[in-house]
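Inside the fold
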Protein chains: 2
Amino acid sequence: MRGQDKSQTRKKVGAEQVSLSDAGQRLRIRAAWMYFIEGKTQSEIADTLGVGRVTIVRLLAEARRRGEVRITIDAPLVELTELERALECRFGIEQAFLAPVSDAGDDPTPAIAAAAGTFISQVMRPGMTVGTGWGRTLYTSLPHIHGRILDDVRVISLLGGIAQARRFNPAEFAWQFAELFGGDGYLLPAPALVDSPETRQALLERCGLAEVFAMADGLDMALLSVGGISRQTTTYRVGHLSEAERRSLIDAGAVGDLLYNFIDADGRVIDHPINARVISVDLPRLQKTPQRVLISGGRDKHAALTGALTLIAPTVLITDEVTARALLDG
Amino acid sequence: MRGQDKSQTRKKVGAEQVSLSDAGQRLRIRAAWMYFIEGKTQSEIADTLGVGRVTIVRLLAEARRRGEVRITIDAPLVELTELERALECRFGIEQAFLAPVSDAGDDPTPAIAAAAGTFISQVMRPGMTVGTGWGRTLYTSLPHIHGRILDDVRVISLLGGIAQARRFNPAEFAWQFAELFGGDGYLLPAPALVDSPETRQALLERCGLAEVFAMADGLDMALLSVGGISRQTTTYRVGHLSEAERRSLIDAGAVGDLLYNFIDADGRVIDHPINARVISVDLPRLQKTPQRVLISGGRDKHAALTGALTLIAPTVLITDEVTARALLDG
DNA sequence: CATTCGGATGAGCAAATGTTCTGACATGAC
DNA sequence: GTCATGTCAGAACATTTGCTCATCCGAATG
């Protein structure tokens, strides 16, 4: 609109019109200067320049529209903030936390874990019931969590454990997490992956697991991470998945898992017989959880994260800078 | 205050405190980003970040105080605006107009004249009574004045004329100026400089000049310029001033003149016999004029301008970029 | 010279912003 | 444990800002 005004105005005569136009620009820059640089109020400027306050409003708006006023944020980590905001807007996340990484080739897990620990420390409140998955990232975040006694905290494992004893048992995350806040931990006393659908049904129906799952309906927060499907990923390493199964899942389109529910890059749970052998909370059930926190990052999880973002629509995403860029580019 | 807070806060423990401090910074940058870059309102940001709106106010103020938010005006002529504002603040001027000069060595008179013409064109209103000096700058501004018929305009010459006929008679400025607006011009039918105090008295008291001066009490605006005291200045060139007089004035401390009232750099009218022979309005009288416009520039007038700024405290100053810098530096 | 039109201007209102005061909370000292 | 201390968040108010509509002015036109 203003641009049209300009051209219409300009085709008049020469000298006076030009000078009036200059005067307009002069006034605009002057108003912008006094407002943004000197910090005067619009009323003051209006009085000084001898025009109405409304005119100042218009001049300032025009100056901003023309880009004559440039506002930049100059602070450490501001690029992270920009990325975070981009993620939030793109994926409908309430809050994204990005851990800075110094070297793009590094494993981002420690950084993500630290960020996750900080976040969890701040968000925990008395009376909370938290559901958790497990994995290396979550486990690594334990030392970063500022534990303190909070009344009535309950932590529920959303996924079965592993049989194999290991030095670091990621599956114990829920337990240790509960301890940090003096709360009760509810583990799923079962493998994440059992031999057959029948075993699964038996466990669920006749061994008390259903009760634990029922508690998942009342969760205040769920802490989840995704697994990739490469050979390095926890799922594979802890021995739950054979190479044949892995291939078969990949062939079926899987790019990773969310509580051992294998998903594709579009956020769909793939159709595969292994589903009937997994002991984990239903993903649709988690949708009712008000705070869904997705904590993951790393080169081999980009596709899985993309899917997970669609599938569970997390309210909070904690990942690293490099992964964030990949998610936004993809 | 905040700095003290910081130091007091920091001396607590390590990890948590650092992370809380980081969280504060994170929140601040995030608020600044959402406010200044994304243009959200403070309420929206408060809701998104889960804090009170007042906190956002504080975060934004803190970010600005720390200089994390940088606002720059990026437009042509913005440096001029900055200079103008500096002049206004330093010398208590309502409005300074600076003409841009391409080459610092050039004579700035044409540029100043153009700016003066634009200003005068805009400021003229029906019913105005304007007092004027004369000089090359004012005369040169005539072609830049957008003349139009305004009711009841009166233009009064504040200074006597020159005897010598010249191709361009600067002393006729008042007359030509009045014509541009269809108003009445009142020239002082007398030389600016007469031979003796007695002649001056005779003219004032018995030749009707006093009446013209009396009109100067009701001026709405005075257009003034200063003269330097170099050999090139109008005062000297039109033959009013002999070389001996010029020397004598310089010895007495004169750096230039304002309506042939010779002044020093501190803005005092110097004590000199020539004063008793000048036919001009008293400078103190001009102080009552609501709009005092000082129009001058050029290398040889810096000192005179400095004095004039003090002496008549103009409400409007029209000069050039180079002179402006000199005034601010001096 | 009257007319008409576009753009600029000012009053009044609604929204946003800034400030001040009060109370809650955490912390450290006794 | 109690108390002083200082920090921080929130309610209420004052100010500033943004917007809309009615109006006015000036320029182009017939």
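Notes on the structure follow. (Residues numbered from 1 in each chain as written. Chains lettered and ligands numbered in written order. Predicted model: local features only at pLDDT ≥ 70, side-chain atom pairs only at ≥ 80, totals over all residues. Heavy atoms only, no water.)

1. Notes on the sheet that holds strand 7 (residues 226-227) of chain B
All names here are of chain B. Spatially, 7-8-9 is the arrangement adopted by the 3 strands of the open sheet, whose pairing is antiparallel. In this open sheet, the two edge strands, each paired with only one partner strand, are strand 7 and strand 9 (261-263). In this sheet, strand 8 (residues 256-258) lies alongside strand 7 in antiparallel orientation, the contact comprising 2 bridges. Residue Gly227 lies in a different strand from strand 8, and its bridge partner there is Asp257. (Pairing = 2+ DSSP bridges. Helix = DSSP H or I, 4+ residues; strand = E, 2+ residues; numbered from the N terminus.)

2. Some details on the side chain of Arg30(A)
In this fold, Arg30(A) is placed in helix 2 (residues 15-37). Given the relative accessible area of 0%, Arg30(A) is considered buried. In this structure the side chain of Arg30(A) is engaged in a polar contact, spanning 3.3 Å, whose partner is the backbone oxygen of Ala96(B). Excluding anything up to four places from it in sequence, Arg30(A) contacts Leu49(A), Thr81(B), Glu84(B), Arg85(B), Glu88(B), Gln95(B) and Ala96(B). (Buried < 20%, exposed > 50% of the residue type's maximum accessible area, 1.4 Å probe, protein only. Polar contact = N/O pair within 3.5 Å; in protein donor to acceptor, adjacent residues only side chain to side chain. Contact = heavy atoms within 4.5 Å.)

3. Considering the pairing of strand 2 (residues 95-99) of chain A
Residues in a regular strand project their side chains so that they alternate between the two faces of the sheet. Residues and elements named next belong to chain A. By the criterion of burial, strand 2 is predominantly enclosed, with 5 of the 5 residues buried. The alternating pattern of strand 2 places Gln95, Phe97 and Ala99 and Ala96 and Leu98 on opposite faces, both of which are buried. As paired elements, strand 2 and strand 11 (residues 316-320) share 5 bridges and run parallel to each other. When the bridges of strand 11 are listed, Leu98 appears paired with Thr319.

4. Remarks on the relation of the copies chain B and chain A
Between the two chain copies there is a screw-like relation: a rotation about an axis and a shift along it. For these two chains of identical sequence, chain B goes onto chain A by a turn of 180 degrees and a shift of 0.0 Å along the axis, with RMSD 0.1 Å. Such a combination of rotation and displacement between the chain copies is what one expects of a two-fold axis. Ranked by how close their C-alpha atoms come to the rotation axis, the residues of chain B are headed by Ile71(B), at 2.2 Å. A share of 95% of interface residues in chain B that are also interface residues in chain A marks the association as one of identical surfaces. (Least-squares fit on C-alpha atoms with pLDDT ≥ 70 in both.)

5. Looking at helix 15 (residues 321-329) of chain B
All names here are of chain B. Among the residues of helix 15, those classed as buried are Glu321, Thr323, Ala324, Leu327 and Leu328. Each buried residue of helix 15 lies within a common arc of 160 degrees when the element is viewed along its axis, so the set occupies one face. Contacts from the buried residues of helix 15 go to helix 5 (78-91), strand 2 (95-99), helix 14 (302-312) and strand 11 (316-320). Of the residues that open helix 15, the one with a side-chain oxygen 3.0 Å from the backbone nitrogen of Val322 is Asp320. (Arc of directions from axis to C-beta.)

6. Overview of the packing of helix 5 of chain B against helix 15 of chain B
Residue and element names in this part refer to chain B. For the pair helix 5 and helix 15, interaxial distance at closest approach is 10 Å and the crossing angle is 40 degrees. The orientation of helix 5 with respect to helix 15, classified from their angle, is oblique. Of the two elements, helix 5 crosses helix 15, and the hand of that crossing is left-handed. Here Leu80, Leu83, Ala86, Leu87, Arg90 and Phe91 of helix 5 lie close against helix 15, whose contacting residues are Glu321, Ala324, Arg325, Leu327 and Leu328. Its residues assigned to classes, the contact of helix 5 with helix 15 comprises 8 nonpolar, no polar and 3 charged. (Axes fitted to C-alpha atoms, helices over the stretch in contact; angles between N-to-C directions. Parallel < 35°, antiparallel > 145°, perpendicular 65-115°, else oblique. Left-handed = near helix turned anticlockwise from the far one by under 90°. Nonpolar A, V, L, I, M, F, W, Y, C, P; charged D, E, K, R; others polar.)

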